Each structure stands twice: as C-alpha cells, then as structure tokens.
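# Overview (structure and organization)
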Amino acid sequence: MKNNKENAWSILKRLVSYIKDFKLALVGAIIGMIGYAAVDMALIWSLQPLIDDGFTGKDPSILEMMPYFVVIVMGLRGVAAFMSSYCMAWVGNNVVMKLQRQLFAQLMLLPVSFFDRTNTGELLSKITYDATQVSNAASNALVKVFREGATAIGLIALMFYQSWQLSLVFFVVGPIVGLAINIVSKRFRKISKNIQNAMGTVTTSSEQMLKGHKEVLMFGGQKVENKKFEKVSNTVRTQKMKMASANAISVPVIQSLSSFALAFVLYLATFPQIMDTLSSGTFVVIISSMMALMKPIKSVTQINNEIQKGISASTSLFEMLDMNVAKDEGTYEVERVNGDISIKNVVFTYPKGDKPALNNVSFDIKSGQSIALVGRSGSGKSTIANLLTRFYDIDSGEISLDGKNIEEYRLTSLRDQVAIVSQNVHLFNDTIANNIAYASEDKFTEEDIVKAATTAHAMEFINNFPEGLNTIIGENGAMLSGGQRQRLAIARALLRDAPVLILDEATSALDTESERHIQAALDELQKDRTSIVIAHRLSTIEHADQILVIDHGEVVERGTHQELLAQGKIYHSLSQMQSSGEL
C-alpha cells in the first residue's frame, strides 16, 4: 500500500519536472488561477456590505456601485479563466509533445529483441492514448485542481476572517472528505491501468485486421475478426463503465459529507451566543462560502479521475523511457572498411528460444569474397546476418570486421558498412526517390538515384508512373508488386555503396525473367564487395567463392558448388530436390 502511494507520488513529481521546463507559461497560469479565485472570493465578500449597509440604507452608494462592481469583477474573472486555461493548455501540449518525442526516440534505440516480444498495437497505444491522458492531466486537470484549490483556500480564509468559531467545523469534516478522495483515487488508478491495457488490445486487434485485410477476405474471416474485436471493445467498455460508476458514486458521497458541515453550521446558528457575535451580512458570507466550497470539492473529486489516468499513463510511459537501450558501448568509427569478416565459435540463442539458433559457428570471409549460406528453413542462415549488424548480440564467441570485434564499433558506424537486401522489403509511404535514397539527407543527386534504379532494372516500371520517381507508393509499397518492391530495395543498396553486402533471399519474389535481369545487377553490385548471400535457389549461388551448408545452427558442409555436389551429402540432396521440383 505504502509503496504504491510512494510510487504514485514519485511519478507525479517526475511529471511536474516536465512542467517546470515551461516556467513562463506556468507563472501566467498560476497568476490566472489566483486571480480567478480572488474574484470569486471578492464576489462573496461583497455580500456583507451589500446586506449590512446597502439594503439597510446605511450606505446607499453601495447599491449604486454594485452593478459596476459586478460587471468589472466578472470581466476580470473571464480574463483570469482564459489566462489560466490557455497557459496550462500550452504547457500540457508541450509536455505531451516532449514525452512523445522522447518515447519515439527511445523506441528507435531499443534492441530488436524488444520488438520481437511486444505488439506494435501496444506501442501505438502508448504514443497516442497514454500521451493523451498525460495531456489531460498536465493541462485540464491541473488547471481545475489549482484553480479550484486556490478558490477553496480563499473561501476558507474568508470564513475564518468572518468567524473562526463557525469555520472550525471545516476541520472536522475536512479529514473525512480527504480520506474519501484518497480511497477513490486508488480505485481510479487501478481502473485507469486496466483501460490502458484494454486500449492496447484494441489497437493491436485493429492493426492485425488492417494488415491482414486480404487474408481476412480470402479466408472469410470477417466473423472471426468481428468476434475478436467485439470482445476487446467490450472489455474497454466494461472498464470505462467501472470508471464512470466510481466517478458517479464519489461525487455525491463527498458532497453529502461536505453538506454535514453546512448543516452543522446552520445548527450552531440557532445558539444565541453565536448569533450575537455575527451580523446578517457576516452570516450570509459564511453560509455562501460554505455552499461555494461545494463546487471546488466536486470539481477536485471529478478531476481526480483525470489525474489518476494521467499518473497511470505516465507510469506506463516512464517505464518505457527507463528501459535499457541497445548496447552501444563501442567507440571505434571508420569511414569505410575493407570487408574482412571473421566469425569464431559463435553461439547465439534467441531471447525466447529453447536451444541455440547458432552453435559454435566459425568461418572467415576475405575482402571482396562472396560466401553463400544455404540450408533448410529455420536452420540459422538469416540469424548470421542479424548478428553481423548487431540486431542481436551473441552469447559467446567473436565476430570481427577488419580484425576488430564488432562490439568495439559504434553501432551507426558498423551499420554504415553494411547494405542489406532481404526477402521482407519495407518501404515507406513516400516517393520512390525518397525510398531509394532513404535517410541520405540530400547526399545523393537525382542522377545518382536514377543510375541506381536503372542498374536495379527499376526504371523499367518507374517510367510507367505519370509522376515517375516522385510517385507516392503507399504504405509499405502497396502500389507495387513484390518484384518491384524488391528492385527498389536493390536500388537502395546500390546507392548505399557499402563495402559489405548481405543478400537475404534477394530474388525470392521475382519471376524468372526479372530474376535474370536482377541477378546481373546483383553480380555487378557484388564486385569489389564482401558478400554474404542467403539463398533458397541454388542456381543463384553456383559461382560463390565458398558455400556453407547450415543445419540446426551448425556449419555441416563447406566448399565450392562443385566440391559440395561431389561430396553427395546435404547440398547434393538439396540440389537434386530443386532439380526435380520437390523444393
């Protein structure tokens, strides 16, 4: 119990530290809040002279001035309300922008293993839904809390100034109201966490349906997906109704407790020794102050819901911001390596793997050489490519580039040395030119892009688009065929001009004619580069300097195409199966 309270307080303090970065707007908001509370207090205070002097005829000028006073005061109240709301909205939106930017930057630094075990929908929910809850807590909620809090403090001060004896009633009821709010806060925070989890499930379910829309249509999975979504959306509805019921119950209960204070004051007013010390105006001010206190108490209780949502959302966001990023402790940077690769006794197990994906793998590649990796699906071929670029770190052994352990390289410098063309090409919802020259920061001219696209035989279809290289290709290249998408990936690798090239099933999505054209481009691309070719079609790697056969995470055969065929083992069997069409 105590730990939860301390944790909530530490989260709130951390969130407030973000707010402090915008001090000028915060000061403006505070001035507006204090002004708003002062105006409300002035209106109630004016009742005393109005009743005691104005209505009794002792000072008729009070009645004459009161209309002007009300108009001026209400005008000031409006200015103060606008100032506090606008300034805090500015603070809140800037806090959320800062949090979203930090979260986005953090996501790009997290290791690949994190994304292997985390749904994309959950991450999108954090960036959107959770950040919105923080925005509400950092702007709307804080405005009401501080403004209504200042109003409550002002009203209590006014009550004590008028009659401290009657005002002592507040300290009897106050702790009871505080205890009720504390109980409600814990309930709100628990439900808020459940809502966040449910929203992540909704986002995940929607994302999977949208990405797999064709499969849903082909297999008639509309009912299945509808049932899934109905279930998760009902979970969100249930949690939100729990929040609504807790909010609906808390307000009348707390107001009822507060009404006991008002009732007790009215009861005390029946005693002559109390009333003899008060004028009619003073008594009206005290009663009006106590009744006015109902509004800030109600507002604070209702807004407590938003604050607890914000604390819960902030907890979720801060947990992600505090995650360990991908290890990047290397300091070595190089403009361009020669491309000598050495893999010695490498053992690697995926985070959720039961057994090693690679077991004691060793081989060397000299600069400019081409090595091919073949084997059945799941044998560990692509894992080697993932380790060379340090998408994962090995359990034991060593991988070196130009004689230096890759862990000694800065990650950005290491990855600058490698170009990858994989079977799973990812393209961005941008122009063809920007996809080919992705993240180049205007390093390449249009001529460079056209040259790379021509070599990759991509200009053949690019020229068919009315806007050519400026064509927007849709999410993940939705406008393109599999072969066209892969040609753009090859053009991207050509433009990168890295000394180490990894081709992971680079021609898998191409027809025979396209593959013949692309293979010629790949042969050109591989010249003067160290190449690791992961291939399913053995015909594409016959001229490799060395071929490694990977089976169950181990190198079981190595040699040239002819040497491996002569051995009559696994490679020979794979060749026979492909020739007969069995594979």
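Our structure's up above, just so we're on the same page.
Residues numbered from 1 in each chain as written. Predicted model: local features only at pLDDT ≥ 70, side-chain atom pairs only at ≥ 80, totals over all residues. Heavy atoms only, no water.

## Notes on the overall build of the protein
Applied cut-off: Only DSSP runs of H or I reaching four residues or more are called helices, and only runs of E reaching two or more are called strands; each is numbered from the N terminus. Should any heavy atoms of two residues lie within 4.5 Å, those residues are considered in contact. For every accessible area listed, the method is Shrake-Rupley and the probe measures 1.4 Å; residues are considered covered only by the protein chains on display.
Of the regular secondary structure elements, the protein holds 21 helices and 10 strands. Once local pairs closer than 6 in sequence are excluded, the contacts in the protein between residues at least 24 apart make up 77%. Surface accessibility of the protein: about 30700 Å² in total, with carbon and sulfur atoms responsible for 57%.

## Quick word on the sheet that holds strand β6 (residues 418–422)
The condition that has to hold: For two strands to count as paired, DSSP must find a minimum of two bridges between them. An axis is simply a line fitted to the C-alpha atoms; with a helix, the fit covers only the stretch in contact. Between two such axes, the angle follows the N-to-C directions and lies from 0 to 180 degrees.
Read across the open sheet, the six strands follow the order β6-β7-β8-β3-β9-β10; overall the sheet is mixed. At either margin of the open sheet sits one strand with a lone partner, and together these are β6 and β10 (554–559). Along the sheet, successive strands turn relative to each other by an average axial angle of 15°, direction set aside. Where strand β7 (residues 500–504) lies against strand β8 (residues 530–534), five bridges are found, and the strand directions are parallel. Bridge pairing links Leu501 to Ser531 in β8. Here helix α21 (residues 570–579) sits on the sheet and contacts β3 (370–374), β9 (546–551) and β10; the angle it forms with β9, its principal contact strand, is near 90°.

## Examining the environment of Ile287
The residue Ile287 is located in helix α12 (residues 280–321) in this model. Along the primary structure Ile287 and Met159 are separated by 128 residues, whereas in three dimensions their C-alpha atoms are 8.7 Å apart.

## Section: the sheet that holds strand β2 (residues 358–365)
Reading across the sheet, the four strands line up as β2-β1-β4-β5 and stay open at both edges, with antiparallel pairing between neighbours. In the strand order of this sheet, the two ends are held by β2 and β5 (404–405), each with one partner. Pairing geometry for strand β1 (residues 341–348) and β2, over five bridges, is antiparallel. Looking at the pairing, Ile341 lines up with Ile365 of β2.

## Remarks on the pairing of β8
Along any regular strand, the residues point their side chains to alternate faces of the sheet. The line we're drawing: Note on exposure labels: buried denotes an accessible area under 20% of the residue type's maximum, exposed denotes more than 50%, and partly exposed covers the range between, all computed with a 1.4 Å probe on protein chains only.
Counting buried residues along β8, five of its five residues qualify, which places the element largely inside the surrounding structure. Of the two faces of β8, the one carrying Thr530, Ile532 and Ile534 and the one carrying Ser531 and Val533 are both buried. In terms of strand pairing, β3 meets β8 through four bridges, oriented parallel. When the bridges of β8 are listed, Ile371 appears paired with Ile532.

## A word on helix α18 (residues 482–496)
How we decide: A helix is expected to span 1.5 Å for every residue after the first.
Relative to the 21 Å expected for 15 residues at 1.5 Å per residue, α18 spans 21 Å between its end C-alpha atoms, a close match to the ideal helical length. With respect to burial, α18 is a largely interior element, 12 of its 15 residues being buried. When α18 is considered as a whole, its buried residues turn out to be Gly483, Gln484, Arg485, Gln486, Arg487, Leu488, Ala489, Ile490, Ala491, Ala493, Leu494 and Leu495. Of the residues one or two after α18, Asp497 is the one with positive phi, at around 55°.

## Examining the pattern of salt bridges
Any two side chains of opposite charge can pair if their charged atoms end up close together. Test applied: One side-chain nitrogen of Lys or Arg within 4 Å of one carboxyl oxygen of Asp or Glu is enough to make a salt bridge.
A complete count under the given rule lists 10 salt bridges for this structure. We note a salt bridge from Glu408 to Lys404, for which the minimum N-O separation is 3.4 Å. Assessed through its relative accessible area of 40%, Glu408 is described here as partly exposed. Overlapping salt bridges, with partners in common, bring together Arg336, Asp497 and Arg529 in one network.

## As for the nonpolar core
This is how the line gets drawn: Put simply, buried Ala, Val, Leu, Ile, Met, Phe, Trp, Tyr and Cys residues joined by side-chain atoms within 4.5 Å make one nonpolar core.
Within the largest apolar cluster, 45 residues are counted, with the highest numbers of intra-cluster contacts made by Ile436, Ile462, Leu488 and Ile541. The dominant element in this core, judged by the number of residues it contributes, is α18, at seven residues. Non-local contacts of Leu488, meaning those with residues more than four positions away in its chain, are made with Leu427, Ile432, Ile436, Ala458, Phe461, Ile462, Ile473 and Leu480. Core analysis: the next-biggest nonpolar cluster, separate from the first, contains 30 residues, Phe363, Ile365, Ile502 and Ile550 among them.

## So, the packing of helix α16 (residues 446–455) against α18
Put simply, the rule reads: What sets the label is the angle itself: under 35 degrees gives roughly parallel, over 145 gives roughly antiparallel, 65 to 115 gives roughly perpendicular, and the rest give oblique. Crossing chirality is assigned from the near helix's rotation relative to the far helix, an anticlockwise turn below a right angle marking it left-handed and a clockwise turn marking it right-handed.
With their axes 8 Å apart at the nearest point, α16 and α18 run at an angle of 125° to one another. Taken together, the axis directions place α16 and α18 in an arrangement best described as oblique. Crossing geometry of α16 relative to α18 is assigned as right-handed. Across the interface between the two elements, Asp448, Ile449, Ala452, Ala453 and Thr455 from α16 touch Ala491, Leu494 and Leu495 from α18.

## Re unusual backbone geometry
With a phi angle near 60°, Arg390 is a residue other than glycine that sits in the positive phi range. Looking at the secondary structure, you find Arg390 in the loop between α13 (381–388) and β4 (396–401). On the basis of relative accessibility, which here comes to 6%, the residue Arg390 falls in the buried class.

## Remarks on the pairing of β10
Where β9 and β10 come together, five bridges link them in antiparallel fashion. Directly across from Val549, in β10, lies its bridge partner Glu557.

## A closer look at the side chain of Thr471
Filter applied, for reference: Pairs of N or O atoms within 3.5 Å make up the polar contacts considered here, provided that, within protein, one atom can donate a hydrogen while the other can accept it, and that residues adjacent in sequence are counted only when both atoms are side-chain atoms.
Take Thr471: it is sitting in the loop between α17 (459–462) and α18. Residue classification places Thr471 among the buried positions, given a relative accessible area of 8%. A polar atom in the side chain of Thr471 sits 2.7 Å from the backbone oxygen of Gly468. What Thr471 contacts, discounting residues up to four positions off in sequence, is Asp430, Thr431, Ile432, Phe465 and Met479.

## Regarding the environment of Asp130
Here Asp130 shows up in helix α6 (residues 120–162). Distance in space between the C-alpha atoms of Asp130 and Ala313 is 4.9 Å, their sequence separation being 183 residues. A polar contact of 3.1 Å, which involves the side chain of Asp130, links it to the side chain of Ser316.

## Topic: the side chain of Thr389
Along the polypeptide, Thr389 turns up in the loop between α13 and β4. Not counting chain neighbours up to four residues away, the residues in contact with Thr389 comprise Leu414, Arg415, Val418, Ile420 and Ile502.

## Structural notes on the packing of aromatic side chains
Put simply, the rule reads: Ring pairs are drawn from Phe, Tyr and Trp, using the six-membered ring of Trp, whenever the two centres fall within 6.5 Å, and their geometry is named by plane angle: stacked under 30 degrees, edge-to-face over 60, tilted for the rest.
Taken as a whole, this structure holds nine aromatic pairs when the rule is applied. On the basis of an interplanar angle of 85° and a centroid distance of 5.8 Å, the ring pair of Phe22 and Trp90 is categorised as edge-to-face. On the criterion of sequence distance, the pair formed by Phe22 in the loop between α1 (2–19) and α2 (23–45) and Trp90 in helix α4 (residues 60–109) is long-range, its members being 68 residues apart. Using a relative accessible area of 16% as the deciding quantity, one classes Phe22 as buried. Judged by relative accessible area, Trp90 falls into the partly exposed class, the value being 41%. Judged by centre distance (5.7 Å) and plane angle (20°), the ring pair of Phe82 and Tyr86 falls under stacked. Here Phe82 pairs with Tyr86, and both are found in helix α4, just four residues apart, close to one helical turn. Feature note: the residues Phe348, Tyr350 and Tyr392 constitute an aromatic cluster, connected by ring pairs.

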